[in-house]
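As a plain string of letters, each chain reads:
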Amino acid sequence: LQNQILELAAAVEDGAPELFAAHAAWSAEAFTARAFSPDAPVTALKCLSAVLEDNLPPPAWALLPTYFQRAQDECARRSTAATSELTGQDADSRLAREYVSLLAAGDEPGAITLVLSAVDEKRLSASGAIDAVLAPALREIGRLWHRGELGIAEEHFATVVTRKVLARLLLHAPTAVANGRTVIVSSVEGDAHDIGVNFVSAFFELDGWRSICLGADTPVEELVRLSLLFDADLVALGATLGTQRQAIARTIAALKTARPGQRVLVGGAAFTGGDDLWRRIGADAHASSARDAVKLGRALAGLR
Ligand code: B12
């Protein structure tokens, strides 16, 4: 319930009822997968809306009926958000499916060998392994968790093993020619997810950048201090949950105050479903994949 209120506040801040609706549908799906009655999420939304109507000053309440209506409609439609992206018959999808199965079976050596041997045998590049196998596999693990088919422990294990695969891929990848540019890559304050930013950082590294990856949950003032210390050409900031977008906005404001002209690229799941959310929070660009992050980063840093 607390999360629902925070997501509502984040959507109102962005003026985007569709984002609250998407979150409500996500939440409804998680509850139904855990044997709650299918009506429970809608009833909870109706209760929350009644309490807010009773307690908020009328001008504040006046904004909210649209948000609740969209959310209830979306829950009633039983969204298709949980469709697997690994159903293809191409080699990459098959590899990603097998990687997920090995992880679910607790087979760490098998999962690591599967990906590394595909790269050794030149069936995949290091960046291809990240983009087409590891990232979709983690999203699949998340989908299975959402549906109640895997637990938090399996998801933690998948994260640990994937981190090891990434380190080994980078160790064996051909050294890129340094391009003289520095990027700082980090998840925003409050975001506990760090695999996405590690993937983005790896792509920058493979492209010849000095990439300084800070991982998850970096305090705003520390990020600002490092961008000054390392004279960063670019800061790449990730956020996962809708409730973390405002933290990105605050971080961008702090970076640009301390270093006017600092270029900031944003990405991560928090930007899914809203085309120009990144513009509204003052970013210079938004990338929806690690590959695009490098393309846009090169343009922002004046590289061809
Ligand atoms: C592992 C995981 C965790 C781990 C993270 C461990 C770690 N050290 O990273 C832990 C357990 C900590 C965790 C916690 C939570 N998680 Co979580 N998590 C995941 C999971 C399974 C994988 C994340 C991941 O690594 N994905 C792989 C990345 C590479 O994929 P990607 O995000 O699509 O990234 C691509 C682009 O977005 C882009 N990109 C990504 N980052 C960046 C950054 C920049 C700068 C740029 C330019 C681009 C970019 O490039 C990437 C590669 O091409 C996801 C499932 C999912 N769909 O991702 C859920 C997921 C993200 N988690 C979710 C949730 C709900 C939570 C919790 C709220 C759960 C809870 N009740 O506590 C908490 C929130 C914690 C917090 N304060 O942030 C939900 C979010 C749903 C939503 N939209 O609201 C997801 C989607 C699961 C699901 N299917 O429902 N989680």
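Note that the structure is a prediction, hence the values are computed from the model and not measured.

Thresholds, definitions, all that
Residues numbered from 1 in each chain as written. Predicted model: local features only at pLDDT ≥ 70, side-chain atom pairs only at ≥ 80, totals over all residues. Heavy atoms only, no water. Core = buried A, V, L, I, M, F, W, Y, C linked by side-chain atoms within 4.5 Å. Buried < 20%, exposed > 50% of the residue type's maximum accessible area, 1.4 Å probe, protein only. Helix = DSSP H or I, 4+ residues; strand = E, 2+ residues; numbered from the N terminus. Contact = heavy atoms within 4.5 Å. Pairing = 2+ DSSP bridges. Right-handed = clockwise from strand over helix to strand, strands pointing away. Axes fitted to C-alpha atoms, helices over the stretch in contact; angles between N-to-C directions.

**Structural notes on the nonpolar core**
- Y99, F204 and L265 are the most contacted members of the largest nonpolar core, which totals 51 residues.
- Looking at this core element by element, the count peaks at nine residues for helix α8 (residues 126-146).
- With 41 residues, the next largest nonpolar core counts A11, A24, A71 and V220 among its residues.

**With respect to the side chain of T182**
- Position of T182 among the secondary structure elements: in strand β1 (residues 182-187).
- Not counting the four nearest positions on each side in its chain, T182 is found in contact with W209, R210, I212, F230, A232, D233 and L234.

**Concerning the pairing of strand β3 (residues 234-238)**
- A large share of β3 lies buried, amounting to five of its five residues.
- One ladder, built from four bridges, connects β3 with strand β4 (residues 264-267); its direction is parallel. Directly across from G238, in β4, lies its bridge partner G267.
- Read from β3 through helix α12 (residues 245-258) to β4, the crossover connection turns out right-handed.

**Description of the sheet that holds β1**
- Taken together, the five strands give an open sheet; going across it, the order is β2-β1-β3-β4-β5, and neighbouring strands pair in parallel fashion. Edge positions in the sheet fall to β2 (210-215) and β5 (285-287), since each of these pairs with one other strand and no more. Across this sheet, the average inter-strand angle for adjacent strands is 20 degrees, counted without regard to direction.
- The pairing of β1 with β3 spans five bridges and is classified as parallel. Each residue of the ladder has a partner; that of S186, found in β3, is L237.
- Against the sheet, helix α14 (residues 290-300) makes contact with β3, β4 and β5, and its axis sits at roughly 160 degrees relative to β5, the strand it touches most.

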